[in-house]
Number of protein chains: 2
Amino acid sequence: MLTALPDRSASLQPFFTPRGVAVIGASRDPSKLSYGVMRNLLDPEHGYPGPVYPVNPRAADILGLPCYPDISAVPDPVELAVLLVPAAMVPGAVEACGRRGLKAAVVISGGFREIGPEGAAREREMVEIARRYGMRVMGPNGIGVIDTHTPLNTTFVKGMPRRGHIAFLSQSGALCGGIIDWALARGLGFSRFLSVGNEADVNETDVIPFLAADDISRVIALYLEDVKGGPDFVAALREAAQRKPVLAIKTGRTAGGQAATASHTGALAGVHAAFRAACKQTGVIEVESIRELFDGALALAYQPLPAGGRIAILTNAGGPAALAADALESAGLQLAGTGPEAQVALRRCLHAEAQVAGPVDMLGGADHGDYRRALDAVLADPANDGVLAILVPQVLVDPVAVVDAIAAGLAAASAASPAAVDGSSAPRKPVLACLMGAASLDAAFAAAHRAQIPAYPFPEDAVAAFGILRRRAMEIAKATERGKSASIAPTAGRQPDQASMATGQRLLSEAAAAGRTSLDAAESRTVLDAFGLATPPDLLATSSAEAAEHARRIGFPVVLKLASPDILHKTDVGGVILGVTDEAAARAGFDIILARARAAHPDARIRGVQVQRMIGGGQEVIVGVKRDPTFGPLIMFGLGGVYVEALADVSFRLAPLTSADAEEMISEVRSARLLAGLRGAPPADRAALVAAIVRIGDLAAACPMIAELDVNPLLVLPEGQGALALDARIILA
Amino acid sequence: MLTALPDRSASLQPFFTPRGVAVIGASRDPSKLSYGVMRNLLDPEHGYPGPVYPVNPRAADILGLPCYPDISAVPDPVELAVLLVPAAMVPGAVEACGRRGLKAAVVISGGFREIGPEGAAREREMVEIARRYGMRVMGPNGIGVIDTHTPLNTTFVKGMPRRGHIAFLSQSGALCGGIIDWALARGLGFSRFLSVGNEADVNETDVIPFLAADDISRVIALYLEDVKGGPDFVAALREAAQRKPVLAIKTGRTAGGQAATASHTGALAGVHAAFRAACKQTGVIEVESIRELFDGALALAYQPLPAGGRIAILTNAGGPAALAADALESAGLQLAGTGPEAQVALRRCLHAEAQVAGPVDMLGGADHGDYRRALDAVLADPANDGVLAILVPQVLVDPVAVVDAIAAGLAAASAASPAAVDGSSAPRKPVLACLMGAASLDAAFAAAHRAQIPAYPFPEDAVAAFGILRRRAMEIAKATERGKSASIAPTAGRQPDQASMATGQRLLSEAAAAGRTSLDAAESRTVLDAFGLATPPDLLATSSAEAAEHARRIGFPVVLKLASPDILHKTDVGGVILGVTDEAAARAGFDIILARARAAHPDARIRGVQVQRMIGGGQEVIVGVKRDPTFGPLIMFGLGGVYVEALADVSFRLAPLTSADAEEMISEVRSARLLAGLRGAPPADRAALVAAIVRIGDLAAACPMIAELDVNPLLVLPEGQGALALDARIILA
């Protein structure tokens, strides 16, 4: 069921199916980009079917069409303008388009924000004018839109990609030429192709809901460089990924140069952690290369998802099958064996020396008939969830006939098993092809694309695409789980009430208003407590006598900790003494800590010494917060001590978190298997840990004045005994 | 300097440059494989220049050549036979070839070992016959040899790859068709191309030295499925990799199904660990996909190695440069900035809005002149070690002209800097190209290959190839270091003498001869001690009184440990008691351990209880041995406790080990940074650890009766204090 488009998305329709297109700055000089735009719009095969109006005061006609001196002179119907005039003329041209009643403009011209402050001012002026007329602008500095179904091509790039079902949004216009060129050679089909340029007006957060609601687009592929409007963008991703697969690649994944940070969490959250967390939490499939982006999109556009990870391999050569089998495991899949019935069927139809146990190796002599019969047997075999058909060119085998046979087998299987009609028959399985080679396989690749069989030149690429199908299937399963768990609040520990949380927020606001940059441990503890995190009994001593008195009341052994808003790393100055077992030691400890603190930081304000119950056992973990400038609070989880410090074994998600998010954060950390209780240790209270992570997320989301926060350690006690925030550090924005 | 070829290698020459080729079983039927062989041998452009003799008793002439009824009738000169007769006729045909005095035979026919025992017998018979005549056989069940320089093509695959400098050996014949097809489309050039089939006679251990000594082959690429003769193979790899880059991919990397094992080391050494260790120790570059194999080989064949990891990017589009920049880091490289002089030069020659700081983005309008000028500036810039030139197709830019400009710039740079002539000028830098796209770039790719500029369709692929160049450079540096360290015996601890080692070997031999499958802790300790590993003071008590007496002599605190040859996992049965502080506790502890052991394993032989000094401090590590059936003893290193058990954070090398090998093993383990002394702990005695690892390698190499060994824990004490093998377990073969 499609919901109504939100307004910002609905207003994008004229970019794809306009009633009339004007080209402002159209040229009759074939060396000009604007000529290329005209050529694409008027292409005899893929040209725009509605009226095209070249606008140029210095030409009478262009490519056989009458030329108009000004947009005001263009007759109805006209909804979309494509602008290729020099940057300085763009604001005036947009104004003219607005007056003429146009709904949308693609601004291909460069010379805006990307060239500096003067260009940025021009860009702002252009957007203000467009908004005044209720007109949407795509660009500037992008190459515009390709819609293969309308068809419409506002770009100047040679060649129209094949009609297909992949929607692509690119934040780089220059990249698009390479992708179109490659897509033409590979026969890759697109539905909508958008180069959004500087995103002065239309940006990815507008476009994604539009593509999500677009029935022709079966999969959305995103090339991103710089994301605007974090939370709206995340919401758009989430909604889109619930409807159809979304694949994304983002540059700047490994760039260094982040600002200095004061917490472990700050130091460990790389520049890319927030985007990666957003993908994980919304079900977007993040990829690491352009090849993977389109190889995966191709598979998602053409084939159903596998019900499980068991992939059968059908081949005429052992080597590529062995390579594919190796690649399966790293893609999170398994090589399927062949079930007994299918083995019998394969034995009957294949060469006597063929291997049928899996991979099914039909040997070099296999022809299209063998492929068809073997495919039928393997598709009917309940022992696999998908099939990879590998063909290595052989002198006597016609690769096109093999692809046609695979297509026929697939069609027959679909007809025989009308999935989801009565629910009783198994869903159709995905089939991908590896046509290994290139020189002799052009026709076979083309045949595969016609039949909607994704085809790849190397077994490893085909397996990676299978991995993406599987990831999508698992994201869907996770989203279902997520839907169930979203409403379930953590049950472990105490639920914070509104009044309590307001108290915590007030403390933070007052500290921030006073110009303070951090809270001391006691204050941090109060804030955590207000948001439902358990903390151990703890009293502040301002004299050695008071330290002894508090220790007696709390019960030995105790821990003594320096309380100073100016000294964050207490252990570095010797400000923590563990295992204090009597009053005399407490008194002495107080004096020692104060002396050490004053020696190390003579000017630091010292509030005294906290006296805390010493808790034995349990597993120390760290939960932290770092506020990402785009995406907001990013929550980190890791095991305490060397696991975070030496191994950087941590995971991230964006706040607020569901319990499922927190569960995933824990599972993602390799050392978290220690929580299960290794070497005779009791299993840790995982429910309490999940609740603590969720509440720290709630705290971060509710208190924007928190820049960074480390709860370190959070002590997770044995099952049923909860988790205690032993120490914490809050850095204010 | 080339050394003389070893005999087994020298005898391969007739496979590549034979004087006369006979085709046994030549056919005039174009649908037969043997016709394909004739067609390739007689190709007007790439045909074999010497005499070709079709042999077939039922034909008078084939493809215009007179046909001979039998090999005995073939005139001189003839050295090589290509056999395509049915399997049953192969032994007879080989006999006839031997009688006729041929030196080599390529057996393409299948029907040998790959079909079962009958075929295997036939294969053995064939080899015996060949050996009798001193004839070498390649195959059976392979497609033979392509030599692009002779030229000679004994395969039936359509198309001759371009002449080039990549030597390729494949253990899969079927894969070769796909690779040739792809190489033809990509313009990839080969020197020698070998499909060795079943390797009945000629195998990879013969071929690698031949290719290593072959001046035309600049790089060796290996596709392996099953390695024979581990140690010889390793020696061949080592010698080859010292001369030229060797790239390898091996299937079966992730296959499960290994035999059950009794030690940590056994459980953690996957099926692929030994091959991987062999690559690391010989300087062979292991890759994970066929694409990476050839992308890397292309770069190594055409371009010099980078002196460092700083790669400059020159582009006409920002997006692909951003993708490449991200990929650099994961390939172990860095994005180079532009030095101040080069920035000035670039500002002068490029468009005003071009980015010159790096990546150098010349923007979409850049033409071949811009590429040339910018390349000159970047090649002259000392701030980088290599250049990636990216071209995205643009309407007005001729990609072939850009490639030609890059080639000209490279040629000019080479001419200006005759590396290694006077040693003062910088060595030539590698340049790789990314020609992003496909449909419009065929001519540009061809031009790049003509100019020996490796070119790739995606930025990530180009960066991966740069990563391989860099790995090769680092392997060379490592080999130099290895040469220095190989002769340096570990200096830490006690050097074992021959007599002492003989004692250890004798103990093992006697236990093995007695049919025992394991040694108990005391015996294992004696063996370790004999090979120079320090162990703590330790006495065996056979009564509770003796336990108390031993404890008093050793000094408290002590550890008590069950001594039983039948119980390997002592802690599992409660057979270890730590921190025994007085004689009464020692007495009681003895009784408790015996009671627990008897309860758990009533039939186990119990030798008593070991009394050991309890050592405080230090870092526990595990060093283990598992004997690989092909490669011999495999040594494992990891940090003790959860790091091995829960995180599987371990590294492997083959014995015997150099100190450099041991150093690398330590560095490869992520948790090994704990050895440096985190959180105020003193740094561990790394030299002693290196010595211990080397000695365990020596022990494993000297004692083939050891199947598995865990030294767990090996306690590495603070710097200067050595390392102690606290416990050990030896499993006999």
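Predicted model, so just to flag it, every value in this text is computed and none were measured.

Here we come to the relation of the copies chain A and chain B. The transformation that overlays chain A on chain B combines an axial shift of 0.1 Å with a rotation of 180 degrees, and the residual RMSD is 0.1 Å. What the superposition gives is, in effect, a two-fold axis relating one chain to the other. Nearest to the rotation axis, the C-alpha of Tyr643(A) is located 5.0 Å from it, this being the minimum over chain A.

Residues and elements named next belong to chain B. If you walk across this open sheet you meet the 4 strands as 22-25-23-24, and the pairing is antiparallel. With one partner strand each, in any of the chains shown, strand 22 (538-541) and strand 24 (576-580) form the two edges of the open sheet. Direction aside, neighbouring strands of the sheet carry axes that sit 25 degrees apart on average. The pairing of strand 23 (residues 558-563) with strand 25 (residues 608-613) spans 6 bridges and is classified as antiparallel. Note on strand 25: the bridge partner recorded for Leu560 is Val611. With respect to the sheet, helix 19 (residues 544-554) is in contact with strand 22, strand 23, strand 24 and strand 25, its orientation differing from that of strand 25 by roughly 15 degrees.

Looking now at the pairing of strand 31 (residues 728-732) of chain A. All names here are of chain A. Burial analysis of strand 31 places 4 of its 5 residues in the buried class, which makes it a mostly covered element. Both strand 29 (residues 706-716) and strand 31 contribute to a ladder of 5 bridges, which runs antiparallel. Bridging across to strand 31, Asp710 finds its partner in Arg729.

Contact residues are listed per partner, giving 60 residues for chain A and 60 residues for chain B. Contributing elements (two or more residues each) for the side of chain A that touches chain B: helix 3 (33-41), helix 6 (173-186), helix 11 (290-302), helix 12 (318-330) and helix 22 (642-645) of chain A. When grouped by side-chain class, the residues that make up the side of chain A that touches chain B number 29 nonpolar, 18 polar and 13 charged.

Another point: the environment of Val623(B). Assignment of secondary structure puts Val623(B) in strand 26 (residues 619-628). Setting aside its immediate chain neighbours within four residues, Val623(B) contacts Ile635(B), Met636(B), Phe637(B), Ala692(B), Ile693(B), Ile696(B), Val711(B) and Leu714(B).

All names here are of chain A. Reading across from one edge, 9-8-11-10-12-13-14 is the order of the 7 strands in this open sheet, with mixed pairing throughout. Lying at the two open borders of the sheet, with one neighbouring strand each, are strand 9 (152-153) and strand 14 (285-286). Bridge count between strand 12 (residues 219-224) and strand 13 (residues 246-250): 5 bridges; the pairing is parallel. What sits directly across from Leu224, in strand 13, is Lys250. Where helix 7 (residues 204-213) meets the sheet, its contacts fall on strand 10 (162-170), strand 11 (189-195) and strand 12, and the angle it forms with strand 12 comes to roughly 165 degrees.

Attention now moves to unusual backbone geometry. Of the consecutive residues Phe556(A) and Pro557(A), the connecting peptide bond is found in the cis state with omega at -5 degrees. With respect to the helices and strands, the residue Pro557(A) is situated in the loop between helix 20 (544-554) and strand 23 (558-563). Here Leu363(A), not a glycine, exhibits a phi torsion of approximately 70 degrees, which is positive. For Asn141(B), which is not a glycine, the phi torsion comes out positive at approximately 70 degrees.

What counts and what doesn't
Residues numbered from 1 in each chain as written. Chains lettered and ligands numbered in written order. Predicted model: local features only at pLDDT ≥ 70, side-chain atom pairs only at ≥ 80, totals over all residues. Least-squares fit on C-alpha atoms with pLDDT ≥ 70 in both. Pairing = 2+ DSSP bridges. Helix = DSSP H or I, 4+ residues; strand = E, 2+ residues; numbered from the N terminus. Axes fitted to C-alpha atoms, helices over the stretch in contact; angles between N-to-C directions. Contact = placed C-beta atoms within 7 Å. Buried ≥ 20, exposed ≤ 12 C-beta atoms within 10 Å, placed from the backbone. Nonpolar A, V, L, I, M, F, W, Y, C, P; charged D, E, K, R; others polar.

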